[in-house]
Amino acid sequence: MKTLTGAQMMCEALIAEGVDVMFGYPGGAIMPFYHALPEYPQLRHILVRHEQAAGHAAEGYARTSGKVGVCVATSGPGATNLVTAIADAMMDSIPIVAITGQVVTSLIGKDGFQETDVTGITQPITKHNYLVTDVRDLPRVFKEAFHIARTGRPGPVLIDIAKDTQNARGVFEYPETIDLPGYKPNYDGNRRQIKEAASLLNQAKKPLIMAGHGILLGHASVELREFAEKTGIPVITTLLGISCIPEDHPLSLGMPGMHGWVHVNRAIQECDVLFTIGARFDDRVTGKLDSFARNAKIIHVDIDPAEVGKNVVTAVPIVGDAKRVLENLTEIVNPNDHSEWVNHIREVQATRSKRQRDPESGMFTPHHVYAEFTRILQGEFRVCTDVGQHQMWAAQLIEYMKPHTHITSGGLGTMGFALPAAMGVQVACPNEEVWAIAGDGGFQMNLQELATVVQESLPLKICIINNGYLGMVRQWQELFHERRYSATPMWSPDFIKLADAYGIPGVRVERAEDVAEAIHQARATNGPFLIEFVVEREVNVYPMVAPGASISDMFEDPSEVEIEDVVAVK
Amino acid sequence: MKHTLVALLRDQPGVLNRSVSLFRRRGFNIESLTVGHTETAGISRMTLVIDGDTTSVEQVIKQLYKLIDVLKVSDVTQDPNVTRDLLLVKVYAPPAKRSELMQLADIFGAKIVDVVPDAMMIELSGSPEQLDRFVDLIRPFGIREMVRTGCVAMTRGASTISGPYQSQEFRAA
Ligand SMILES: Cc1ncc(C[n+]2csc(CCOP(=O)(O)OP(=O)(O)O)c2C)c(N)n1
Ligand SMILES: [Mg+2]
């Protein structure tokens, strides 16, 4: 019988799993794999400039394509560089498989050169992980890893493979079945509970749907819309749920939470039934828990049983897949009309929206940039944002029309996410317009990836919102720390010259009236392009709920609130 | 209130480590934990005693189920069951105190497993409450060294915990 090396088996297994691209970086302990790779031209390998970027790129790929993203690194420092991205994928339930080389079996546990216990390190930040030291285990482990990553509540799985195992030979037979008696995700919601949810929704006077990431992960956008339209119930979308319903839909209300809209948070406080699906009641959404949705009975649908009942008391818990539960529910729920309730929320919105959306007069702020974005791009784009003020504004102000067009690091809030994640998005959608939007701070956390963008000819559009500060931290210092700008003012290089050094054209925009032209120029460029928007330095993201405060207590500028009170509840 | 949970685990590398570090990370208060073999090769059994007032038992069960190699978790607290803890205790026992100690041991059905001129080792297995009472009684003699294994539990009757591996509501996802 024909035998293969472990390294060849790894490639065969990747192909069997439908992988066609991976992001990685070689090194000693993973060299056998890289030796085998050229024998498999159908596997595209993208060489990043730092392993963290390989992880985020795999995430970006998975977040848009719905397929499992793959990243590869060597042992020791290569593997530890992946840790942030793996944690990010864990928090946001992103299906990635991380493959790391490990020192030879005889050195494991002996502090061999570049040995780290990466299965130990990543144990709490992976859905599951494996250390493989027997080549006969490789096919089964790959089969299980991809299955675990993509099914149920998706998440990262790490496979650590000893170097001698990659070199060992064995017979390759890829298993067709999986034997994991302890892992059986439940997709169909309990019929009785679904009925109960329907009757609660039928009786509700002021129902509200809170749609989260689960709608996108479960590819249930269409089902969500049908359910909302049949029942007439308005929809709010969490940060990671954004783009699961077109934002110009008459029932789409926007984002709740710390930087959500006033009318949305107020709707949560006024509703009598809160139907939450694929969201996990993060503290950035709920604010102070015991005053969240005070008047509402909560229906919670999630594929992960451990999320149901974790943070809030639920009247009707349903463990199941978003798509199937919505289908079943839509079938049995009564058609309804809640236009009075929707109009009531829209009235609150109307009194606020002007000042929430408009920049302060005479200043050049991100509001101008994002307004032009929405106007010019007409929903035909995919946006990856970084973490900070620019991220919150991009969530608030850009209008998203199609699923998976807003990609951000939600749960972990990882600065440095946007550029490498956007590379993954662009690889998944080579013919679409992909924008990476980062702050001056976050951009500098992974800017080395400009080289990857060029080497791989990725036509990414990169946008830096430069306010000269670690803006979000500065905002908290202004509001809660006596304006003590400790370690937040930030010097940056000439980003246009920097881009030029990589061979990437770019422009700097310092006035609102030049925004549109720069965007047009970027779009007209065949290949990557960088725009630096030099915006007003000290503008704050509003509205805001102070950390730890109730979502009833939003403020729109500091003069509206006694800062003392805010500090007291922090 | 104390809860006794029984879990079946596949013998895979790291499964115990995963369980224990889960308790640490989520801040679960575990009073005792024991692991041992079962009737089936490749499957271990873990018994956990949790203080249900400080730790959500439901969350412990659900989070354990999220581990791929955890097959079954069952709260046996309310079921009729046999719970046993094992005690080894070395007591200060000069010849004058010996017979008194032996009498106490006898009442509890404990065994004297070692005797030297001024000390004695006693072995007792029983419910944790029984062991508590025995320890309280011999404490005045002077305990020099003591160890308890923590509880193991099994429900009474013909049915077994290993029945179907997954309970409907708490399946891993
Ligand atoms: C890796 C990492 N380090 C630190 C933080 C804390 N943090 C959150 S927002 C922020 C400021 C981001 O500044 P910038 O990238 O310039 O964006 P801005 O808020 O100015 O738009 C910081 C430091 C983080 N989220 N991630
Ligand atoms: Mg900044």
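Please read all numbers here as calculations on a predicted model, not as lab measurements.

What counts and what doesn't
Residues numbered from 1 in each chain as written. Chains lettered and ligands numbered in written order. Predicted model: local features only at pLDDT ≥ 70, side-chain atom pairs only at ≥ 80, totals over all residues. Heavy atoms only, no water. Near = heavy atom within 4 Å. Polar contact = N/O pair within 3.5 Å; in protein donor to acceptor, adjacent residues only side chain to side chain. Areas by Shrake-Rupley, 256 points an atom, 1.4 Å probe, with all protein chains shown as cover. Donors = N, O, S within 2.8 Å, 3.2 Å for Na, K, Ca; no water. Helix = DSSP H or I, 4+ residues; strand = E, 2+ residues; numbered from the N terminus. Buried < 20%, exposed > 50% of the residue type's maximum accessible area, 1.4 Å probe, protein only. Contact = heavy atoms within 4.5 Å. Buried area = accessible area lost by both parts, 1.4 Å probe. Salt bridge = Lys/Arg side-chain N within 4 Å of Asp/Glu carboxyl O. Nonpolar A, V, L, I, M, F, W, Y, C, P; charged D, E, K, R; others polar. Pairing = 2+ DSSP bridges. Axes fitted to C-alpha atoms, helices over the stretch in contact; angles between N-to-C directions. Core = buried A, V, L, I, M, F, W, Y, C linked by side-chain atoms within 4.5 Å. pLDDT = per-residue confidence, 0-100.

### As for the site of ligand 1
Residue and element names in this part refer to chain A.
Thought 1: As a structural note, the neighbourhood of ligand 1 is formed by 17 residues, with Gln389, Gly413, Asp440, Gly442 and Gly471 the closest of them.
Thought 2: Interatomic distance of 2.8 Å between a backbone N/O atom of Gly413 and a nitrogen atom of ligand 1.
Thought 3: A distance of 3.3 Å separates a nitrogen atom of ligand 1 from a polar backbone atom of Met415.
Thought 4: Alone, ligand 1 offers 580 Å² of accessible surface; in the complex the protein occludes 76% of this.

### Considerations on the coordination of the magnesium ion (ligand 2)
Residue and element names in this part refer to chain A.
Thought 1: Of the protein atoms, only Asp440 (OD), Asn467 (OD1) and Tyr469 (O) coordinate the magnesium ion (ligand 2), at distances of 2.0 to 2.1 Å.
Thought 2: Mapping the donors of the magnesium ion (ligand 2) onto the primary sequence gives the spacing D-x26-N-x1-Y. Of this pair, Asp440 sits in helix α18 (residues 440-443) while Asn467 is found in the loop between β18 (461-466) and α20 (471-480), placing the two residues 27 residues apart along the sequence. Each member of the pair, Asp440 as well as Asn467, carries the same accessibility label: buried.

### Comments concerning the side chain of A:Gln102
Residue and element names in this part refer to chain A.
Thought 1: Topologically, Gln102 is positioned in strand β5 (residues 96-102).
Thought 2: Look at Gln102 and you get buried, because its relative accessible area is 3%.
Thought 3: Side-chain polar atoms of Gln102 contact the side chain of Asp160, separated by 2.8 Å.
Thought 4: Aside from chain neighbours lying at most four places away, what touches Gln102 is Ala29, Ser75, Ile108, Glu115, Thr116, Val118, Leu131, Asp160, Ile161, Ala162, Lys163 and Gln166.

### Here's the deal with the environment of A:Gln477
Thought 1: With respect to the helices and strands, A:Gln477 occurs in helix α20.
Thought 2: Spatially, the C-alpha atom of A:Gln477 lies 29 Å from that of A:Val83, the residues being 394 residues apart in sequence.

### Notes on unusual backbone geometry
Residues and elements named next belong to chain A.
Thought 1: Cis geometry marks the peptide bond from Tyr542 to Pro543; its omega dihedral reads 0 degrees.
Thought 2: Tracing the backbone shows Pro543 in the loop between β20 (529-534) and β21 (544-545).
Thought 3: You will see that Ser93, though not glycine, has its phi angle at about 55 degrees, which is positive.
Thought 4: Tracing the backbone through its elements, the reader meets Ser93 in the loop between α4 (77-91) and β5.
Thought 5: Judged by its relative accessible area of 7%, Ser93 is buried.
Thought 6: Not every positive phi belongs to a glycine, and Ala293 is a case in point at roughly 50 degrees.

### Concerning the environment of A:Ala546
Thought 1: Along the chain, A:Ala546 falls in the loop between β21 and β22 (554-555).
Thought 2: You can call A:Ala546 buried: its relative accessible area is 4%.

### Examining the interface of chain B and chain A
How big an interface is tends to be reported as the loss of accessible area on association of its parts.
Thought 1: With 24 residues of chain B at the interface, the matching set in chain A holds 22 residues.
Thought 2: In this assembly, chain B packs against chain A so that about 2000 Å² is buried in total across both faces, 50% of it on carbon and sulfur atoms.
Thought 3: At the junction of chain B with chain A, the criterion picks out 1 salt bridge.
Thought 4: As a salt-bridge pair, A:Asp304 and B:Lys66 come within 2.5 Å of each other at their nearest N and O atoms.
Thought 5: Taken together, the connections running from chain B to chain A amount to 7 residue pairs in polar contact (both at pLDDT 80 or more).
Thought 6: For the side of chain B that touches chain A, the secondary-structure elements that each account for two or more residues are α1 (15-26), α2 (57-66) and β4 (70-75) of chain B.
Thought 7: A per-element tally of the side of chain B that touches chain A places α2(B) first, with 6 residues.
Thought 8: When grouped by side-chain class, the residues that make up the side of chain B that touches chain A number 9 nonpolar, 6 polar and 9 charged.

### Considerations on the sheet that holds strand β11 (residues 252-254) of chain A
Two pairing modes exist for strands in a sheet, parallel and antiparallel, and in both the strands are linked by backbone hydrogen bonds.
All names here are of chain A.
Thought 1: Pairing is parallel across the open sheet formed by 6 strands, whose spatial order is β11-β10-β9-β12-β13-β14. The sheet is open, and its two borders are formed by β11 and β14 (316-319), each paired with just one other strand. Direction aside, the axes of adjacent strands within the sheet are offset by 20 degrees on average.
Thought 2: Of the strand pairs in this sheet, strand β9 (residues 207-211) and strand β10 (residues 235-237) are connected by 3 bridges, and their pairing is parallel. Paired with Ala211 across the bridge in β10 is Thr237.
Thought 3: Its contacts with the sheet put helix α10 (residues 221-231) on β9, β10 and β12 (273-277), and the angle it makes with β9 is roughly 170 degrees.

### What about the nonpolar core?
Residue and element names in this part refer to chain A.
Thought 1: Residues Leu274, Phe292, Tyr370, Phe373, Trp435, Ile531 and Phe533 are the most contacted members of the largest nonpolar core, which totals 66 residues.
Thought 2: Excluding residues that lie within four positions of it along the chain, Phe292 makes contacts with Met210, Ile268, Gln269, Leu274, Phe281, Val285, Thr286, Val312 and Ile551.
Thought 3: Counting residues in each nonpolar core, the second largest holds 49 residues, with Ala53, Ala58, Cys384 and Leu530 among its members.

### What about the confidence of the model for chain B?
All names here are of chain B.
Thought 1: On average, residues of chain B score 92 in pLDDT, and 94% of them reach the 70 mark or higher.
Thought 2: Of all secondary-structure elements in chain B, the lowest mean pLDDT belongs to α1, at 91, while strand β7 (residues 119-126) reaches the highest, 98.
Thought 3: Every residue in residues 165-169 is under pLDDT 50, and counting partners more than four places away or in other chains gives 18 contacts.
Thought 4: Listed scores for the predicted complex are pTM 0.95 and ipTM 0.88.

### What to know about the sheet that holds strand β15 (residues 382-385) of chain A
All names here are of chain A.
Thought 1: With respect to topology, 6 strands assemble into an open sheet ordered β16-β15-β17-β18-β20-β19, the strand pairing being parallel. Both outer strands of the open sheet, β16 (406-407) and β19 (506-509), are each paired with one neighbouring strand and no more.
Thought 2: In this sheet, β20 lies alongside β19 in parallel orientation, the contact comprising 4 bridges. Bridged to Gly506 within β20 is Leu530.
Thought 3: Across the sheet, helix α15 (residues 366-377) lies against β15, β17 (434-439), β18 and β20, angled at about 175 degrees from β17, the strand it touches most.

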